[in-house]
Amino acid sequence: MTTTTKNTKLLAWVEEMANLCNPDKVQWCDGSKAEYDAMIKIMVDAGAAIPLGKRPNSYLFRSDPSDVARVEDRTYIATRNQEDAGPTNNWIDPVKLKTIMRDLYKGCMRGRTLYVIPFSMGPVGSPISKIGVELSDSPYVVVNMHIMTRVGDKVLKALGENGAFVPCMHSVGAPLEPGQKDSRWPCAPIEKKYIAHFPEENLIWSFGSGYGGNALLGKKCLALRIASPMARREGWMAEHMLILRLTNPQGKRFHIAAAFPSACGKTNLAMLQPSIAGWKCECIGDDIAWMKTGADGRLYAINPEAGFFGVCPGTSYKSNPMAMESIKANAIFTNCVLTDDGDIWWEDMDVECKHGIDWKGNEWSPDRKDAEGKPVKGAHPNARFTAPARQCPVICPDWEDPAGVPIDIFVFGGRRSKLVPLVSEAYNWDHGVYMGATAASEATAAALDAKKAIRRDPMAMLPFCGYHIGDYWQHWLNMGDKLGAKAPKIFYTNWFRKSGDGKWLWPGFGENCRVLKWMCERVEGKVGAVETPVGYVPKPGDLDVSGLKVSEAEMAELLHIDVEGWKSEVPEIEEYLSTAGARLPLRMKTQLAELKKRIGL
Ligand code: OXD
Ligand code: MN
């Protein structure tokens, strides 16, 4: 299919990349259902997609065992000055990186089709949205982009003849020789994978991987790594945050944006079902928030995505019924178990699977052990579902409002079995920025850092901030100055505190709305708080625990401030903040000094 676009920059770029990559043909994607179906058919015929008898219009894919997750070690921020990428990013000189990658791209699409995927991050035409165009040789990418973004002719129309777009170049890096049979999941070996960002040119080049954030370039690459420096330049915010609307029994609405590192229940919170009477929760987004100040001086957020790309293992009717409802049809599954009756299954799905085919394509049953006698997982721990956001039963009716929703509350958090209280409220904006910057989580399988038990993950942006982290913190401080009294209130939560005998103190899941309720009532000035060295915590009785089996003593433990524990944390926080070097904002140093004073150091 050819195109009607007259955007000369786009036409020239497609021609340049096609000449370099040498595909058999170029196909412009129109975003239609017919196109989606045709792509799926190509993959079913090739044996790459398995139709699921139990879920209408849904398919299972199995990736290459070497290509199962984002590759942070192979992800680069290529700025002219290394210093501008900062201490949290891998860096290569952009000229050198382009030379390396141009060599890799040379002829890399032989035997394949180059798909041109025009997409919009955010509702087409919203003043907060951005247009990208992904060139990819992967039909799996095309169908996932159809779900995760808005694709096609409507985007080209919005782009017009002279509109700006973010060029997103992608190849799986596996050219086909004449007559060569394609593999089920083509990709390149790890040492040839590059997920490269050129923030000074708003440009993305990805090579060698077909999986998730490495290949669906609208998500982590554009919406966070390219958008974050763009947002700083333009005075807005691109954050790794879910967005939800909470409505109280009086009908008053509160909009909450929350950032958590992986394995902290972000998607579950985004689709929360409140356990308390009269409160309603609706999902606007589960991963990314783009926020701009509106004419009234408040901060307005949109979800730039159109779908969910969620982790399967652990998702169940108990942990996240709304996600389970969202994936009943029209969904893509990657690296799950295929059950004997034509459905998918994963660990902690809360249903039984006695036998199936595992994510590697082998016969599987729950008692299977490897050569060392260890149980073999049926689904990969990073197995994913891709599903349209509109299929979520609690999607907010305004989730595609081009104006966005006004944010009242920011929440940061992490997984800590000790020390950090269930909830605390920042004294002020700067203190909240400090809370976000020092957010930390215990290492889990999803974010394994063998050297450290605690991984600092500033605003959950550690792998996603596309510029110097010290400048990023300064940008947060600047946004606070701009928003003034209209700035959202900032809170910090820890759903994962344990008692001395190792039991979870807080029930979590739907009960987390009780904590959100307290935040809303703080915004309204309806409830009080106790001032502690680490922020305001709820006054006994102000956090609604009616009907919950949490004793007063447990509540006290959940909110207890362990001053000695905080003292012992300070040297590590100091060392961590010092990695920002000369770009550590003075106001962050002040926050640390004030914390030290409050805990008597
Ligand atoms: C994600 C992540 O996939 O944060 O959303 O890793
Ligand atoms: Mn994420």
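The structure displayed is predicted, hence computed values, not measured ones.

A.B. asks: I tried to follow the coordination of the manganese ion (ligand 2) on my own but got confused; where do I start?
C.D. replies: Summarising the metal site, the manganese ion (ligand 2) is bound by the protein donors Lys 220 (NZ), His 240 (NE2) and Asp 287 (OD), whose distances to it range over 2.1 to 2.2 Å. Read in sequence order, the donor residues for the manganese ion (ligand 2) give the motif K-x19-H-x46-D. Separated by 20 residues along the polypeptide, Lys 220 in helix 7 (residues 218–234) and His 240 in the loop between strand 11 (237–239) and strand 12 (242–247) bring together distant segments of the chain. His 240 matches Lys 220 in its accessibility class, with the two residues each being buried.

A.B. asks: What am I meant to see in the site of ligand 1 here?
C.D. replies: The immediate surroundings of ligand 1 are formed by Arg 70, Lys 220, His 240, Asp 287, Arg 384 and Phe 464. Interatomic distance of 3.2 Å between a side-chain N/O atom of His 240 and an oxygen atom of ligand 1.

A.B. asks: Looking at this structure, I do not really get the sheet that holds strand 19 (residues 337–339). What am I missing?
C.D. replies: Within a beta sheet, neighbouring strands are joined by backbone hydrogen bonds and run either parallel or antiparallel to one another. Pairing is antiparallel across the open sheet formed by 4 strands, whose spatial order is 20-19-21-22. Of all strands in the sheet, those bounded by a partner on one side alone are strand 20 (344–345) and strand 22 (363–364). In terms of strand pairing, strand 21 (residues 356–357) meets strand 22 through 2 bridges, oriented antiparallel. The residue bridging Gly 356 from the neighbouring strand is Trp 364, located in strand 22.

A.B. asks: In this structure, what is going on with the environment of Arg 233? I would like to understand it.
C.D. replies: Mapped onto the elements, Arg 233 comes out in helix 7. Judged by relative accessible area, Arg 233 falls into the partly exposed class, the value being 48%. Sequence-wise, Arg 233 and Lys 318 are 85 residues apart; in three dimensions their C-alpha atoms are separated by 43 Å. In contact with Arg 233, not counting residues within four places along its chain, are Pro 199 and Asn 202. Of note is the side chain of Arg 233, whose polar atom sits 3.0 Å from the side chain of Asn 202.

A.B. asks: What am I meant to see in the state of the cysteines here?
C.D. replies: By definition, a disulfide links the sulfur atoms of two cysteine residues through a covalent bond. Applying the stated criterion to the full structure yields 0 disulfides. Residue Cys 108 stays outside any disulfide, its sulfur separated by 3.9 Å from that of Cys 21, the closest cysteine. Since its relative accessible area comes to 1%, Cys 108 is described here as buried.

A.B. asks: Looking at this structure, how should I read the nonpolar core?
C.D. replies: Side chains of nonpolar character tend, in soluble globular proteins, to be buried together. By size, the foremost hydrophobic cluster in this structure holds 170 residues, and its most contacted members are Trp 290, Phe 333, Trp 346, Phe 410, Trp 473 and Trp 476. In terms of residue count, the dominant contributor to this core is helix 7 (8 residues). Formed by 34 residues, the second largest nonpolar core is a distinct cluster that contains Met 101, Val 116, Phe 165 and Leu 203.

A.B. asks: Is there a simple way to explain the pattern of salt bridges in this structure?
C.D. replies: Should the charged atoms of two oppositely charged side chains come close, the side chains can pair. Evaluation of the coordinates by the stated rule reveals 44 salt bridges. Linking Arg 150 and Glu 400 is a salt bridge whose minimum nitrogen-to-oxygen distance equals 2.7 Å. Here Arg 150, found in strand 7 (residues 150–151), pairs with Glu 400, found in the loop between strand 23 (384–388) and strand 24 (405–406); they are 250 residues apart in sequence, far enough to count as distant. Residue Arg 150 is classed as buried on the basis of its relative accessible area of 8%. In this structure, a network of salt bridges that share partners links the residues Glu 83, Asp 84, Arg 232, Asp 471 and Arg 583.

A.B. asks: What is the right way to look at unusual backbone geometry in this model?
C.D. replies: Among all residues except glycine, the phi angle is most often negative; among peptide bonds, the trans geometry is most common. The phi torsion at Asp 350 lies on the positive side, around 70°, for a residue other than glycine. Take Asp 350: it is sitting in the loop between strand 20 and strand 21. Unusually for a residue other than glycine, Phe 509 sits at a positive phi of about 45°. Relative to the helices and strands, Phe 509 is located in the loop between strand 29 (489–493) and helix 12 (512–523).

A.B. asks: Help me out: how do you make sense of the confidence of the model for the protein in this one?
C.D. replies: The predicted coordinates should not be examined in detail at positions where pLDDT is low. Mean pLDDT over the protein works out to 96, with 98% of the residues at or above the 70 mark. Below a pLDDT of 50 lies the segment residues 446–450, which in the model reaches 5 contacts outside its immediate sequence neighbourhood of four places, other chains included.

Quick notes on the rules
- Residues numbered from 1 in each chain as written.
- Chains lettered and ligands numbered in written order.
- Predicted model: local features only at pLDDT ≥ 70, side-chain atom pairs only at ≥ 80, totals over all residues.
- Heavy atoms only, no water.
- Donors = N, O, S within 2.8 Å, 3.2 Å for Na, K, Ca; no water.
- Helix = DSSP H or I, 4+ residues; strand = E, 2+ residues; numbered from the N terminus.
- Buried < 20%, exposed > 50% of the residue type's maximum accessible area, 1.4 Å probe, protein only.
- Near = heavy atom within 4 Å.
- Polar contact = N/O pair within 3.5 Å; in protein donor to acceptor, adjacent residues only side chain to side chain.
- Pairing = 2+ DSSP bridges.
- Contact = heavy atoms within 4.5 Å.
- Disulfide = S-S within 2.5 Å.
- Core = buried A, V, L, I, M, F, W, Y, C linked by side-chain atoms within 4.5 Å.
- Salt bridge = Lys/Arg side-chain N within 4 Å of Asp/Glu carboxyl O.
- pLDDT = per-residue confidence, 0-100.

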